[in-house]
Amino acid sequence: MRKFFLTVCYSGLSPKAPGTAGSFLSLLFAIALLQVIHESTLFLLALLITVIAVKQIDKYEEEVKEHDSKEIVIDELAGMWIALSICGVTPENIYYLAPLAFIYFRLFDIWKPSIIGRIDRNVKGGWGVMGDDLVAGIAGGIAAAGTYALIAKFILPMI
């Protein structure tokens, strides 16, 4: 059960780009959830999952003797859901904002600029695995919201 949770329904076992696979499945879960819950609830669920994941990652890393295994993608779920929550996604704008949040989250998670990279390199255990993705989610959500605001202001009026 732990592996199912940490790999987000085994999406982290994808032979190619497990982080992207986990992020995409997490995006699909969020789209479905946002049809029945408020976006602030998605944020709170991401925080709850983070707390549970930190403890489970610590146990898993102790078992497999490896830090931040590529198959662990529960951090992508939390980061993706935070990005979606921060950018202000709603059922009405989800088809515009969700792709932006996904792209920006993946860019920040892969590129790891500034504090995201420092967390990834210097923090150990479950908080190290989750921390960089949480900050990447915050940055991705802000970037998606800013991009969407610019598109709404300058491009949509021309269409």
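The structure reproduced in this document is the subject of the present report. For clarity, every value in this text was computed on a predicted model and none was experimentally measured. (Residues numbered from 1 in each chain as written. Predicted model: local features only at pLDDT ≥ 70, side-chain atom pairs only at ≥ 80, totals over all residues. Heavy atoms only, no water.)

## Points about the overall build of the protein
- When you go through the protein residue by residue, the secondary structure sums to 7 helices and 0 strands.
- Sequence-ordered secondary structure for the protein, helices as α and strands as β, is α-α-α-α-α-α-α.
- Looking at the protein residue by residue over its 159 residues, the buried ones come to 47%.
- The contacts of the protein with a sequence gap of at least 6 include a subset with a gap of at least 24, amounting to 74%.
- Roughly 8,300 Å² of accessible area belongs to the protein as shown, and the carbon and sulfur atoms make up 69% of that amount.
- Computed over 13 positive and 15 negative side-chain charges, the separation of the two mean positions in the protein equals 3 Å. (Helix = DSSP H or I, 4+ residues; strand = E, 2+ residues; numbered from the N terminus. Buried < 20%, exposed > 50% of the residue type's maximum accessible area, 1.4 Å probe, protein only. Contact = heavy atoms within 4.5 Å. Areas by Shrake-Rupley, 256 points an atom, 1.4 Å probe, with all protein chains shown as cover. Lys, Arg positive; Asp, Glu negative; His and termini not counted. Charge placed at Lys NZ, Arg CZ, Asp CG, Glu CD.)

## Things to note about the environment of Ile-103
- Locating Ile-103 in the fold gives a position in helix α5 (residues 94-111).
- Here the alpha-carbon distance between Ile-103 and Ala-143, two residues 40 residues apart in the chain, equals 9.9 Å.

## Observations regarding unusual backbone geometry
- Phi angles above zero are rare outside glycine, and Ala-17 is one such case at about 50 degrees.
- Within the secondary structure, Ala-17 is located in the loop between α1 (2-6) and α2 (18-33).
- Even without glycine at this site, Lys-112 takes up a positive phi of about 55 degrees.
- With respect to the helices, strands and loops of the structure, Lys-112 is situated in the loop between α5 and α6 (114-122).

## Structural notes on the packing of aromatic side chains
- Counted under the stated rule, the structure contains 4 aromatic pairs.
- For the ring pair Phe-24 and Phe-102, a centre distance of 6.1 Å and an interplane angle of 80 degrees mean the geometry is edge-to-face. Here the residue Phe-24 occupies a position in helix α2, and Phe-102 occupies one in helix α5, the gap between them amounting to 78 residues.
- Taking the relative accessible area as the measure of exposure, Phe-24 reaches 43% and is therefore partly exposed. (Phe/Tyr/Trp six-rings, centres within 6.5 Å; stacked < 30°, edge-to-face > 60°.)

## Quick word on the pattern of salt bridges
- This model, assessed by the stated rule, comprises 6 salt bridges.
- Of the charged contacts in the structure, one is a salt bridge between Glu-71 and Lys-3, with a shortest N-O distance of 3.8 Å. Here Glu-71, found in the loop between α3 (39-64) and α4 (74-87), pairs with Lys-3, found in helix α1; they are 68 residues apart in sequence, far enough to count as distant.
- With relative accessibility at 17%, the residue Glu-71 sits in the buried group.
- The shortest N-O distance in the salt bridge between Arg-106 and Glu-76 comes to 3.7 Å. Placement of the pair is Arg-106 in helix α5 and Glu-76 in helix α4, with a sequence separation of 30 residues. (Salt bridge = Lys/Arg side-chain N within 4 Å of Asp/Glu carboxyl O.)

Read these as geometric descriptors, not functional statements.
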